[in-house]
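What follows is the residue order along each chain.
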Amino acid sequence: VLAVLFFGYVEALILCRHCPHYAEEGFLLRCHANWGLPKIPKMNPKPMNSIEKVVWLLYVAVLFLYYIPFFIISGQWLLLMLTSSALVVAGWTLQRTQCNRCYNLSCPINRVPDDVRESFFRNYPEFGKAWGKINPDRS
């Protein structure tokens, strides 16, 4: 239930609506992370605020770390080690293959290099203006 709620609506409400893929035409999202999800909340080109970042990170932590107390209480040390190792490898892989090329510069785990960010704001002036990276008087 937590995963369906998170990936079905909460992530779009907090994170996805700040992404240029969300601004594309159509009712469904077309990006490498959440392909096919409906665009229910209204698009917002401004960066995520601190509260949105904290809420998103807390929800991700609950979603992906909830198993730890259960494995500790029940003494399932091997399962705890295997599951935690898999989570670390998945997180590392995500950072190395997806987060270093993602358009959503507002995401707390985005790792796009600065030169790519500057190029992004030049090519997406609506986002550059909303982020204060481009002078609103300039076209």
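Remember, it's a predicted structure, so these values are computed and weren't measured experimentally.

Trainee: Break down the packing of aromatic side chains for me, with residues and values.
Mentor: Evaluated as defined, the whole model comprises eleven aromatic pairs. Measuring from centroid to centroid gives 5.5 Å for Tyr 67 and Phe 71, while their planes differ by 55°, and the two rings are tilted. With Tyr 67 and Phe 71 both in helix 4 (residues 67-73), this residue pair falls four residues apart, about one helical turn. For the pair shown, Tyr 67 and Phe 71 are each scored as buried.

Trainee: Go over the environment of Arg 30, please, and point to the residues and values.
Mentor: Within the element layout of this structure, Arg 30 appears in the loop between helix 2 (20-23) and helix 3 (50-65). A relative accessible area of 40% means that Arg 30 is categorised as partly exposed. Other than its neighbours up to four places away in sequence, Arg 30 contacts His 21, Glu 24, Glu 25 and Trp 35.

Trainee: Give a detailed account of the side chain of Arg 117, specifying residues and quantitative values.
Mentor: Mapping Arg 117 onto the fold places it in helix 6 (residues 114-123). Engagement of the side chain of Arg 117 in a polar contact is seen with the side chain of Asn 110, the distance being 3.4 Å. A polar side-chain atom of Arg 117 sits 3.3 Å from the main-chain carbonyl oxygen of Val 112. The residues touching Arg 117, leaving out its near neighbours within four places in the chain, are Leu 105, Asn 110 and Val 112.

Trainee: Tell me what's going on with the environment of Arg 101, and back it up with residues and numbers.
Mentor: Examined against the element boundaries, Arg 101 turns out to sit in the loop between helix 5 (77-97) and helix 6. Beyond its immediate stretch of four places on either side in the chain, Arg 101 contacts His 32 and Val 112.

Trainee: I'd love a proper account of the pattern of salt bridges, names of residues and values included.
Mentor: Pairing between side chains becomes possible if they bear opposite charge and their charged atoms approach one another. For the structure on display, the rule yields two salt bridges. A salt bridge links Glu 52 to Arg 17; its shortest N-O distance comes to 3.0 Å. With Glu 52 in helix 3 and Arg 17 in the loop between helix 1 (2-14) and helix 2, this residue pair connects regions lying 35 residues apart in the sequence. In this structure, Glu 52 and Arg 17 share a single accessibility class: buried. The salt bridge involving Arg 30 is made with Glu 24; its shortest N-O contact spans 3.7 Å.

Trainee: Any details on the nonpolar core? Residues and values, ideally.
Mentor: Ala 12, Cys 16, Tyr 22, Leu 29, Cys 31, Met 43, Leu 105, Val 112, Phe 120, Phe 121 and Phe 127 form the largest nonpolar core, which has eleven residues in total. Judged by nonpolar contacts, the second largest core, of ten residues, contains Val 10, Leu 15, Trp 56 and Cys 107.

Trainee: Give me the lowdown on helix 3, citing residues and values where you can.
Mentor: For helix 3, built from 16 residues, the straight-helix expectation of 22 Å at 1.5 Å per residue is met to within 8% by its first-to-last C-alpha distance of 22 Å. Listed as buried for helix 3 are Glu 52, Trp 56, Tyr 59, Val 60 and Leu 63. In an axial view of helix 3, the angular spread of the buried residues amounts to 100°, which keeps them on one side of the axis. Of the residues in helix 3, the exposed ones pointing more than 90 degrees away from the buried face are Ser 50, Ile 51 and Leu 58. For helix 3, the elements touching its buried residues are helix 1. For helix 3, the capping residue at the N-terminal end is Asn 49, with a side-chain oxygen 3.1 Å from the backbone nitrogen of Ile 51.

Trainee: I'd like a rundown of the side chain of Asn 44, residues and numbers included.
Mentor: By secondary structure assignment, the location of Asn 44 is in the loop between helix 2 and helix 3. Reaching out from Asn 44, the side chain makes a polar contact with the backbone nitrogen of Lys 46 at a distance of 3.1 Å. The residues touching Asn 44, leaving out its near neighbours within four places in the chain, are Arg 17 and His 18.

Rules and cut-offs
- Residues numbered from 1 in each chain as written.
- Predicted model: local features only at pLDDT ≥ 70, side-chain atom pairs only at ≥ 80, totals over all residues.
- Heavy atoms only, no water.
- Phe/Tyr/Trp six-rings, centres within 6.5 Å; stacked < 30°, edge-to-face > 60°.
- Helix = DSSP H or I, 4+ residues; strand = E, 2+ residues; numbered from the N terminus.
- Buried < 20%, exposed > 50% of the residue type's maximum accessible area, 1.4 Å probe, protein only.
- Contact = heavy atoms within 4.5 Å.
- Polar contact = N/O pair within 3.5 Å; in protein donor to acceptor, adjacent residues only side chain to side chain.
- Salt bridge = Lys/Arg side-chain N within 4 Å of Asp/Glu carboxyl O.
- Core = buried A, V, L, I, M, F, W, Y, C linked by side-chain atoms within 4.5 Å.
- Expected span 1.5 Å × (residues − 1).
- Arc of directions from axis to C-beta.

None of the figures reported here should be taken as evidence of function without further support.
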